[in-house]
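Examination of the molecular architecture
The primary structure of each chain is shown beneath.
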Amino acid sequence: MKEEIFKIVMPTPFAVGDVNAYLVKGDSLTLIDGGVKTKEAWDAFQNQLKDLGYKPGDIEQIVLTHHHPDHVGLLDWLPEDIPVYGHPYARPWLEQDKNFSKGYDQFYIRLFTEFGMEGNPDHMLAALKAPLRYAARRKLTYEIEEDDVIPGLENWIILETPGHAQSHLVFYREEDGTLIAGDHILATISSNPLLEPSPDPWKERPKPQLQYNQSLRKMLDLEISKVYTGHGTEVMKVRQLIERRLARQHARAMEVQELLKEGPVTTFELAKNLFPEVYEKQLGLTLSETTAQLDYLLFNKAALKQFDESGTAYFSA
Ligand SMILES: [Zn+2]
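This section reports on the structure supplied with the text. (Residues numbered from 1 in each chain as written. Predicted model: local features only at pLDDT ≥ 70, side-chain atom pairs only at ≥ 80, totals over all residues. Heavy atoms only, no water.)

1. Some remarks on the nonpolar core
One broad rule of soluble globular proteins: the nonpolar side chains tend to lie buried together. Inclusion rule: Among buried residues, the Ala, Val, Leu, Ile, Met, Phe, Trp, Tyr and Cys ones that are joined through side-chain atoms within 4.5 Å form a nonpolar core. Relative accessible area decides the class of each residue, using a 1.4 Å probe on protein chains only: under 20% of the type maximum gives buried, over 50% gives exposed, and in between gives partly exposed. Each helix corresponds to a stretch of at least 4 residues labelled H or I by DSSP, and each strand to a stretch of at least 2 residues labelled E; elements are numbered beginning at the N terminus. We call two residues in contact whenever any of their non-hydrogen atoms come within 4.5 Å of each other.
Counting 27 residues, the largest nonpolar core has Met10, Leu31, Phe45, Ile59, Ile62, Leu75 and Leu78 as the members making the most contacts within it. Counting only elements with at least two residues in this core, the list comes to β1 (4–10), β2 (19–25), β3 (29–32) and α1 (39–51). Here this core takes 5 residues from α1, the largest share from any one element. Setting aside its immediate chain neighbours within four residues, Leu75 contacts Gly34, Ile62, Leu64, Val84, Leu94, Ala136 and Arg138. Ranked by size, the runner-up nonpolar core spans 19 residues in total, among them Phe107, Leu125, Leu195 and Phe268.

Structure, rendered in structure tokens:
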């Protein structure tokens, strides 16, 4: 039996706009992702669920594409006995592990020095963590990784797609080429490769843009007919979209390389230059986006990174 997929659209307080969740009806009733924790999202969720003929208690399992607040928030308000499946990296976020949270803070404090940030580190950290108030605190019942199988979703292959989030997974139904992609593939915007610490925050950080490109290319091996996305509409011509995204990112990195030719700059100086309007309001996103291009240039030996004695990194072409 082929599962039916129903889209649930909810508002978010974030710049990205609405977020999608999906109800998958097969042998069991699965909710993929869980919106933000706001009254507006909860009302929208319940109304659409009701229109489909269900109530929250009918949901038999919850599966997460990744751990970001706009995909987990309503888990706080869904019945506690529903099991939650997600990547192991989603666990410390979802369970709000104190040790991991401390590691996250220190990870960013270290980066602030490396990036040459100006401003109060505590305030900047608070700004980065502000969206977490829309997240949930809940136990991750089962960890899933590549090629694991979720009961009731035996037709679906799990693929790891780190980049946008270190916990990111997509779900692929081979028989008809359906992909539930979370924020890995979006129709109208490129996915921000967010800077997140390793599972052990004291270890070397991942390079999310490089991971993301690899995870995008991984999708080219699949015969995808339709992508259900985390934000916005479905994607049909995924191959063209992936090629466009990769080309656009390369072009953006080359623009950054041009700026580096004017002399050594810090990540913070570069972020201000690239995003003069939004770098203060969207500190996390703009630092991630800037680091993404720098990681890419370094990997391709198109930039040079040197530290001064205080530990701040300077980039040049
Ligand atoms: Zn999202």
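From this point, things continue past the structure.
2. Considering the sheet that holds strand β9 (residues 178–182)
What counts is decided by this rule: Should DSSP find at least two bridges between two strands, the strands are taken to pair. Orientation is described by lines fitted to C-alpha atoms, with helices fitted over the stretch in contact, and by angles between N-to-C directions that extend from 0 to 180 degrees.
Strand order in the open sheet formed by 4 strands is β7-β8-β9-β10, and the pairing between neighbours is mixed. Every interior strand has two partners, whereas the edge strands, β7 (156–160) and β10 (226–229), have only one. Sheet twist, expressed as the mean angle between neighbouring strand axes with direction ignored, is 20°. Of the strand pairs in this sheet, β9 and β10 are connected by 4 bridges, and their pairing is parallel. Directly across from Thr178, in β10, lies its bridge partner Lys226.

3. Notes on the pattern of salt bridges
What counts is decided by this rule: In the sections that follow, a salt bridge refers to a side-chain nitrogen of Lys or Arg positioned within 4 Å of a carboxyl oxygen of Asp or Glu.
Evaluated as defined, the whole model comprises 19 salt bridges. Close ionic contact of Arg173 with Glu3 constitutes a salt bridge, the shortest N to O distance being 2.9 Å. Separated by 170 residues along the polypeptide, Arg173 in strand β8 (residues 169–173) and Glu3 in the segment before β1 bring together distant segments of the chain. Across this residue pair, the class does not change: Arg173 and Glu3 are buried. Glu146 serves as the salt-bridge partner of Lys218, at 2.8 Å between the closest nitrogen and oxygen. Residue Lys218 is found in helix α6 (residues 208–219), and its partner Glu146 is found in the loop between β6 (142–143) and β7; the two are separated by 72 residues along the sequence. When salt bridges that share partners are traced, they join Lys2, Glu3, Arg173 and Asp176 into one network.

4. Focus: unusual backbone geometry
Positive phi, close to 75°, is recorded for Asp33, a residue that is not glycine. Within the fold, Asp33 resides in the loop between β3 and α1. Even without glycine at this site, Gln96 takes up a positive phi of about 50°. Within the secondary structure layout, Gln96 lies in the loop between α3 (90–94) and α4 (98–115). Look at Gln96 and you get partly exposed, because its relative accessible area is 36%.

5. What to know about the pairing of β9
Put simply, the rule reads: Convention used here: a crossover is right-handed provided that the path from the first strand, over the helix, to the second strand proceeds clockwise when the strands point away from the viewer.
Among the 5 residues that make up β9, 5 are buried, leaving the element largely enclosed by the rest of the structure. Of the two faces of β9, the one carrying Thr178, Ile180 and Gly182 and the one carrying Leu179 and Ala181 are both buried. The sheet contact formed by β8 and β9 spans 3 bridges and is antiparallel. Directly across from Phe171, in β9, lies its bridge partner Ile180. Where β8 folds back on β9, the antiparallel hairpin that results is connected by 4 residues, among which Gly177 adopts a positive phi of roughly 75°. Of the crossover connections in this fold, the one passing from β9 over α6 to the parallel β10 is right-handed.

6. Remarks on the coordination of the zinc ion
Spelled out, the test is: Distances up to 2.8 Å from the metal define which N, O and S atoms are donors, and 3.2 Å serves for Na, K and Ca; water is absent from the atom set, so sites may look incomplete. Metal sites are grouped by the angles between bound donors: all angles between 85 and 135 degrees with four donors is tetrahedral, opposite donors over 155 degrees apart with the others between 65 and 115 is square planar for four donors and octahedral for six, and any other pattern is irregular.
Ligation of the zinc ion by protein atoms is provided by Asp70 (OD), His71 (NE2), Asp183 (OD) and His231 (NE2), these donors lying 1.9 to 2.4 Å from the ion. Taken together, the 4 donor atoms surrounding the zinc ion define angles of 82 to 167° at the centre, an arrangement classified as irregular. Mapping the donors of the zinc ion onto the primary sequence gives the spacing D-H-x111-D-x47-H. Of this pair, Asp70 sits in helix α2 (residues 69–72) while Asp183 sits in the loop between β9 and α6, and the two are 113 residues apart along the sequence. On the basis of relative accessible area, Asp70 is assigned to the buried category, the value being 8%. Look at Asp183 and you get buried, because its relative accessible area is 3%.

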